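Examination of the molecular architecture
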Amino acid sequence: MGRLSVRKPVLRITPAGARRGPDSLAAEEPFELRVGARALAVTMRTPGHDVELAHGFLLTEGVIRDAADVVTARYCGSRDDEGSNTYNVLDVALAAGVAPPEPGVERNFYTTSSCGVCGKASLDAVRLASSFSPAADPVRISTEVLAGLPAALRAGQQVFDTTGGLHAAALFTADGQLLVVREDVGRHNAVDKVLGWALLGGRVPLRGCVLMVSGRASFELVQKAVMAGVPVLAAVSAPSSLAVDLAVESGLTLVGFLRGARMNVYSGFERVLVEQAEPAGQEKLR
């Protein structure tokens, strides 16, 4: 699982006074992904589920389409000051016939844990063609099911309970069944880990599924959902304007500000089954 959290000394100050003690913090370490021994990207991530992270990243960058496109994923011998393997460098070997990443998807220097798009060699490489367009997915989901997803996601955030410092992503079925939860200091990393889990399990394209994220819905998260064939993306916070544009173009249903029974649907309205409110003094509309 890796080093999900670390203990650090802290001085806690309250109205009752100050005291020293340990505190649990979300682990954040650099992760270098190599393809065929060639460095492709470096991101700051929470250690753990690195093979899923690599598969999800390569899927959403359009490098692979299936788990069989990767022959091996091995940690390289990166060492710390004491000579121990850091497990922070992973080298992926692609199957014969799978084209290596084009130079346009290489990341300049590193991506931060909060923004995966920053550092792209070219913004022209951001809009990627998906092999699994969600536009034709006939799935429908009720507002009642959507309303229950944030609580289900929060219940699955085990490391967040300890540290309070992690983003999370989860996959659900259209009837609200939780399939997987992943946590990370970076929301795009959490999504890549979830999608990598799905790819390794033979579930891509993710037809009939809902991807739920704990923060905002950025352009890149919409892109990742589209690349994996996810028909519905829901977020507890706001989407960006470019995220909405891409969702509309791709036929993705995008839900933002999902908080209890309140939510905003920005695209793909036909997938959301809305129960009519019952007017005061009248029977429920049928």
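Residues numbered from 1 in each chain as written. Predicted model: local features only at pLDDT ≥ 70, side-chain atom pairs only at ≥ 80, totals over all residues. Heavy atoms only, no water.

Heads up, the condition is: UniProt positions are given in the numbering used here, feature names are shortened, and annotations may be inferred rather than shown by experiment.
The name that an unreviewed UniProt entry assigns to the protein chain is Sulfur carrier protein FdhD, with the source organism given as Dactylosporangium fulvum. Annotation of the protein chain in UniProt includes, under Function (unreviewed entry), the sentence "Required for formate dehydrogenase (FDH) activity. Acts as a sulfur carrier protein that transfers sulfur from IscS to the molybdenum cofactor prior to its insertion into FDH."

**Description of the UniProt feature "binding site: Mo-bis(molybdopterin guanine dinucleotide)" (unreviewed entry) in the protein chain**
Inclusion rule: Secondary structure elements are defined from DSSP: runs of H or I of at least 4 residues count as helices, runs of E of at least 2 residues count as strands, and each element is numbered from the N terminus. We call two residues in contact when some of their heavy atoms are within 4.5 Å.
As annotated by UniProt and renumbered to match this structure, "binding site: Mo-bis(molybdopterin guanine dinucleotide)" (unreviewed entry) occupies Phe257, Leu258, Arg259, Gly260, Ala261 and Arg262. As for its position among the elements, Phe257 is in strand 12 (residues 253-259). Excluding anything up to four places from it in sequence, Phe257 contacts Ala235, Val236, Ser237, Ala238, Arg262, Met263, Asn264 and Tyr266. Within the element layout of this structure, Leu258 appears in strand 12. In this structure Leu258 touches Leu146, Ala147, Pro150, Met212, Ala234, Ala235, Val236 and Met263, once residues within four positions along its chain are discounted.

**Notes on the sheet that holds strand 8 (residues 167-173)**
Our working definition: For two strands to pair, DSSP has to find at least two bridges joining them. Every angle, taken between N-to-C directions, lies between 0 and 180 degrees, and every axis is a line fitted to C-alpha atoms, over only the stretch in contact when it is a helix.
Ordered in space as 9-8-10-11-12-13, the 6 strands form an open sheet in which the pairing is mixed. On the outer flanks of this sheet lie strand 9 (178-184) and strand 13 (262-267), each paired with one strand and no other. Neighbouring strand axes in the sheet, compared pairwise and without regard to direction, differ in orientation by 20 degrees on average. Pairing geometry for strand 12 and strand 13, over 4 bridges, is antiparallel. Bridge assignment links Leu254 to a residue of strand 13, and that residue is Ser267. Helix 6 (residues 241-250) contacts strand 12 and strand 13 of the sheet and is inclined by roughly 60 degrees relative to strand 13.

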